[in-house]
Every structure is written in structure tokens, then in C-alpha cells.
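Observations on chain architecture
Take a look at the letters that make up each chain.
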Amino acid sequence: MSLNMSDHNSNSNQSSISKENRPKLKILAFHGYRQNGTMFRAKIGSFRKAVSKYAQLTFISAPHKVHSEESSGEEDGRSWWFNAEDNTFSGKCLGGPAIGFEDTLDLIKTVVKEHGPFDGFMGFSQGACLVGLLAAMQQKGYLTYSFKFAIFASGFRSGSLVHKGFYDEEINLPSLHVYGESDSIIPKEMSESLINLFTKPIVAEHSGGHYVACSGSIKDAYLDFLHDRYQDLVDQPEADNNKQS
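Along each chain, the written sequence defines residue order, and numbers are assigned to residues from 1. A pLDDT threshold of at least 70 governs which residues receive local features in this predicted model, and a stricter bar of 80 or more applies before side-chain atom pairs are shown or counted, although totals over entire chains, interfaces and linings include all residues. The side-chain values count all of the structure's non-hydrogen atoms but skip hydrogen atoms and water molecules.

**Here's the deal with the overall build of the protein chain**
For clarity, the cut-off: In this text, helices come from DSSP runs of H or I with a minimum length of four residues, and strands from runs of E with a minimum of two, each type numbered from the N-terminal end. Note on exposure labels: buried denotes an accessible area under 20% of the residue type's maximum, exposed denotes more than 50%, and partly exposed covers the range between, all computed with a 1.4 Å probe on protein chains only. Here, residues are in contact when the closest pair of their heavy atoms is within 4.5 Å. Only the protein chains shown count as covering a residue, and every accessible area follows the Shrake-Rupley method with a 1.4 Å probe.
Across its full length, the protein chain carries seven helices and nine strands. Each of the 245 residues in the protein chain was classed as buried or not, and the buried ones make up 49%. For the protein chain, the share of sequence-separated contacts (at least 6 apart) that also reach a separation of at least 24 residues comes to 76%. Carbon and sulfur atoms form 46% of the exposed surface of the protein chain, whose accessible area is close to 12000 Å².

**Concerning the side chain of T104**
Note the cut-off: Polar contact is the term for a pair of N or O atoms within 3.5 Å; when the atoms are in protein, one must be able to donate a hydrogen and the other to accept it, and sequence-neighboring residues count only if both atoms are side-chain atoms.
Turning to its location among the elements, T104 is positioned in helix 4 (residues 101-115). Overall, the relative accessible area of 0% leaves T104 in the buried class. A distance of 2.5 Å separates the side chain of T104 from the backbone oxygen of W80, its partner in a polar contact. Once residues lying within four places of it in the same chain are set aside, the contact partners of T104 are P63, H64, W80 and L130.

**Observations concerning the pattern of salt bridges**
Oppositely charged side chains are able to pair whenever their charged atoms sit close together. Applied cut-off: Each salt bridge in this description consists of a side-chain nitrogen of Lys or Arg and a carboxyl oxygen of Asp or Glu lying within 4 Å of one another.
Under the definition given, this model contains seven salt bridges. A salt bridge links K65 to D76; the nearest nitrogen and oxygen atoms lie 3.4 Å apart. Of this pair, K65 sits in strand 4 (residues 64-65) while D76 sits in the loop between strand 4 and strand 5 (78-79), and the two are eleven residues apart along the sequence. One continuous salt-bridge network, built from bridges that share partners, spans K65, D76 and R78.

**Considerations on the nonpolar core**
Defined as follows: To qualify as a nonpolar core, a set must consist of buried Ala, Val, Leu, Ile, Met, Phe, Trp, Tyr and Cys residues joined through side-chain atoms within 4.5 Å.
With 40 residues, the main nonpolar core has F30, W81, F121 and L134 as its most contacted residues. Among the secondary structure elements, those contributing two or more residues to this core are strand 2 (25-30), helix 4, helix 5 (126-139), strand 7 (149-153) and helix 6 (188-195). Tallying contributions element by element places helix 5 first for this core, with nine residues. If we ignore the near neighbours within four places in the chain, the residues touching F121 are I27, L28, F30, V112, V131, L134, Y145, F147, F149, A150 and I151. Counting residues in hydrophobic clusters, the runner-up holds 29 residues, among them Y54, F124, V212 and Y230.

**Quick word on the confidence of the model for the protein chain**
To keep things clear, this is the line we draw: Summary of the metric used: pLDDT quantifies the predictor's per-residue confidence within the range 0 to 100.
When pLDDT is averaged along the protein chain, the result is 88; 84% of the residues meet or exceed 70. Below pLDDT 50 for its whole length, residues 6-20 participates in ten contacts with residues either more than four positions away or in separate chains.

**What to know about helix 6**
Where we set the bar: Read the arc as the range of directions from the helix axis to the C-beta atoms.
Those residues of helix 6 that fall on the buried side of the exposure criterion are M190, S191, L194 and I195. Seen from one end, helix 6 has its buried residues packed into an arc of 145°, which puts them on one side. Where helix 6 is buried, its residues contact helix 5, strand 7, strand 8 (175-180) and strand 9 (201-206).

Following this line, the structure appears as C-alpha cells:
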């Protein structure tokens, strides 16, 4: 199992004591198709830096190796599941299988048990699709663990037949959805279809394509969302104490 935890204290010499002692939100991050945890961590350096005030990210790699004759320049590309019989994946594929999905569920369960609990899940592209499925499964009471919020970058609904039933009810989970207006791999209509499942989604659209944007108003959207989630974390112990007193 490949696991990579961001070293959020590596440049903490100038940090105040209060900042170092402050609890951070633990977020499990899910990469896109044909990436892996190490690649994804490297690609979203600006995001990691932006959210380091509030969050500690843990990156894992999907269990399935992508075998492709295409020279993408990507080594050790991974997939959370395949939705075609030739063991490939496309977000636009409708009605296909979900080959290897159970292996992914088992992996996540193990990671949460050994390194969790996690406050939130964050995913990009296929990873965001996966987080949406996990949010739907949590809503139905199918998971043995829980998470309190979700962040989606270029998210979409799975078209796999076995996943259709997960999308038949609204999801009551704080969520932030970021997508690119000119994304040709996951068009914004696909992201909007996932957004419509959530009862109170926060949406941030950027003018770019298929990547994890993190500048300007998009960066502010991440920080505002995580600030609110952080306040929930800080306020929760106080609420629990009030219940006991």
C-alpha cells in the first residue's frame, strides 16, 4: 500500500506556538485516473500550500495498475476501478461495469482503520467520482467509518451500472465542488450532475480545464470552506462538554 502524508511542519520555524499546537483537519486525498498518490501530491503543490493552515493531507494510490500502450509519460498509473471490459476507464462511459471497485473499498477501509479517522475526503476526477460514491454510501449507512465533509475537483457521477442505485437520494454532507468551464475531459454538465445530489453544495467554477485549480477566487473558496469545517472541529468538543455538564 502506497501512502504519502504531507509534511505540514517541515517549514514551521516561523510558526507561532499557537499555530503549531492547533489541531488540523485530516483529509484523505484521492488521485485521478492514470495517476498515483505520489504524482497527485506533486501536481497539487499550490493546493497543499494554500490549505496547510487548516489541513493535513494523506495521499494513497489506487490498487489497480493501468496497462496502456499509449505513451503518456506517466509511470505507475493507477485506477480506482475500470468501467470497460478491457480494463480501462472513462468518465464519459455509461452503463459499464465497475471492475475492481470492491478492492478499492477494502483499501480505503484499511487506510482509515490504520491512519484515520479522517475529517474529510478530497478527490480529483476519478478520485472525485469515488468520493461522491463514498458520500452516497455513507448517506445510506453502508460504510463502517465516517467523514464530515468532501471536496471535489472535476467531480462527476459514475456511469457504472452497479453504482446507479447510490444516486437515488440527496446527500446531506458539507461539500465544495470545483470545476473548469473549459474542461473537455469532464465537462461542467457532468460536474453539475454530481453537485445536484448534495443538499447544500458550495460551487466554485474557474475558466480553465481539467486540473486542480488553486488561485484567486478558487483559493478563497477552499480557505473559506475549510475555515468553516475547522470551526466545526473546534466547536465540537465544546458542544460535547456542554452536553455532559
